[in-house]
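Analysis of the macromolecular model
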Amino acid sequence: MKRLAIFASGTGSNAKRLIDYFSGNQYISVALLISNRKEAGALEIARKANIPAISFLKEEFYNSSTVIEKLISEKIDFIVLAGFLIKVPDNILKAYENKIVNIHPALLPNFGGKGMYGLNVHKAVIESKKKESGITIHLVNEHYDEGKVLFQAACPVLENDTPEMLATQVQELEHKYFPVVIEDFILTTAAD
Ligand code: GAR
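On a predicted model such as this, the values are computed, not experimentally measured, just so you know.

The subject of this paragraph is the overall build of the protein chain. What the protein chain contains, in helices and strands, is seven helices and seven strands. Reading the protein chain from its N terminus to its C terminus gives the helix and strand order β-α-β-α-β-α-α-β-α-β-α-β-β-α. Along the first, second and third principal axes, the C-alpha atoms of the protein chain reach 50 × 35 × 35 Å. For the protein chain, the share of sequence-separated contacts (at least 6 apart) that also reach a separation of at least 24 residues comes to 67%. Element-wise, carbon and sulfur atoms account for 51% of the exposed surface of the protein chain, whose accessible area totals about 10000 Å². Both charge centroids of the protein chain, one from 21 positive and one from 23 negative side chains, sit 2 Å from each other.

Strands belonging to one sheet form pairs held by backbone hydrogen bonds; the direction of such a pair is parallel or antiparallel. Across the sheet, seven strands lie side by side as β3-β2-β1-β4-β5-β6-β7; this open sheet has mixed pairing. Because the sheet does not close on itself, it has two edges, and the strands there are β3 (53-55) and β7 (149-156). On average, each strand axis in the sheet is tilted by 20° relative to the strand beside it, whichever way the strands run. Pairing analysis gives four bridges linking strand β1 (residues 2-7) to strand β4 (residues 78-81), with the strands arranged parallel. Counted as the bridge partner of leucine 4 is phenylalanine 78 from β4.

This part covers a negative patch on the surface. A surface patch of like charges, here negative, comprises Asp90, Glu97, Glu142 and Glu146. On the secondary structure map, glutamate 97 appears in the loop between α5 (90-95) and β5 (100-104).

The relative placement of two aromatic rings is captured by the distance of their centres and the angle of their planes. If you walk through the whole model with that rule in mind, you get seven aromatic pairs. Plain terms: the ring middles of phenylalanine 61 and phenylalanine 84 are 5.7 Å apart, the flat faces sit at 50° to each other, and that makes the pair tilted. With phenylalanine 61 in helix α3 (residues 58-63) and phenylalanine 84 in the loop between β4 and α5, this residue pair connects regions lying 23 residues apart in the sequence. For the pair shown, phenylalanine 61 and phenylalanine 84 are each scored as buried. Ring centres of phenylalanine 78 and phenylalanine 185 lie 6.0 Å apart, and the angle between their planes is 80°; this geometry places the pair in the edge-to-face category. Here phenylalanine 78, found in strand β4, pairs with phenylalanine 185, found in helix α7 (residues 163-191); they are 107 residues apart in sequence, far enough to count as distant.

About the thresholds
- Residues numbered from 1 in each chain as written.
- Predicted model: local features only at pLDDT ≥ 70, side-chain atom pairs only at ≥ 80, totals over all residues.
- Heavy atoms only, no water.
- Helix = DSSP H or I, 4+ residues; strand = E, 2+ residues; numbered from the N terminus.
- Contact = heavy atoms within 4.5 Å.
- Areas by Shrake-Rupley, 256 points an atom, 1.4 Å probe, with all protein chains shown as cover.
- Lys, Arg positive; Asp, Glu negative; His and termini not counted.
- Charge placed at Lys NZ, Arg CZ, Asp CG, Glu CD.
- Pairing = 2+ DSSP bridges.
- Axes fitted to C-alpha atoms, helices over the stretch in contact; angles between N-to-C directions.
- Patch = residues over 30% accessible without salt bridge, like charges linked within 9 Å, V, L, I, M, F, W, Y side chains within 5 Å.
- Salt bridge = Lys/Arg side-chain N within 4 Å of Asp/Glu carboxyl O.
- Phe/Tyr/Trp six-rings, centres within 6.5 Å; stacked < 30°, edge-to-face > 60°.
- Buried < 20%, exposed > 50% of the residue type's maximum accessible area, 1.4 Å probe, protein only.

Printed below as a string of structure tokens:
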């Protein structure tokens, strides 16, 4: 059984999709949810599903070994960032090299980097007059949004789209593809 930790800062709709999808799965289980915000909806979603859910202060992520110790004591094999809006600390990146996956609500390498999250991304896409946007699921390295791309899916940006309307389209793609891409990635990595 491969044990997954989800890192999430916000509402947690992707965390919920992952938890629902892997519930009862023979090979993969969501074993832990970690947040940097104690009011994150994602924590509540995990607790409702009887998954341990803990928030840590930003300082604990960066200036202590509390979080990595938790990951190790919970025997976590892979980490999934589902709307995790701070940088993953170096000690976790090192311990989980090529085992951390992020989802980004645009077609990288465009519209990525620091500050590019949530509606900021969709506003930038609309202002650029690009005709399409989408999602990117990628490995996490020390640079924001620059790790190896595992999967992309696109959707059209319509003429009168608002950032909120585009967000809805992109979210549909996220919910459809994130769990299956994670499953495929873990099963192929585990088989190597
Ligand atoms: C998702 O759209 C995800 O792609 C985005 O945060 C949202 C979280 O929504 N992540 C980023 O922007 C990372 N740069 P959720 O809390 O409903 O899953």
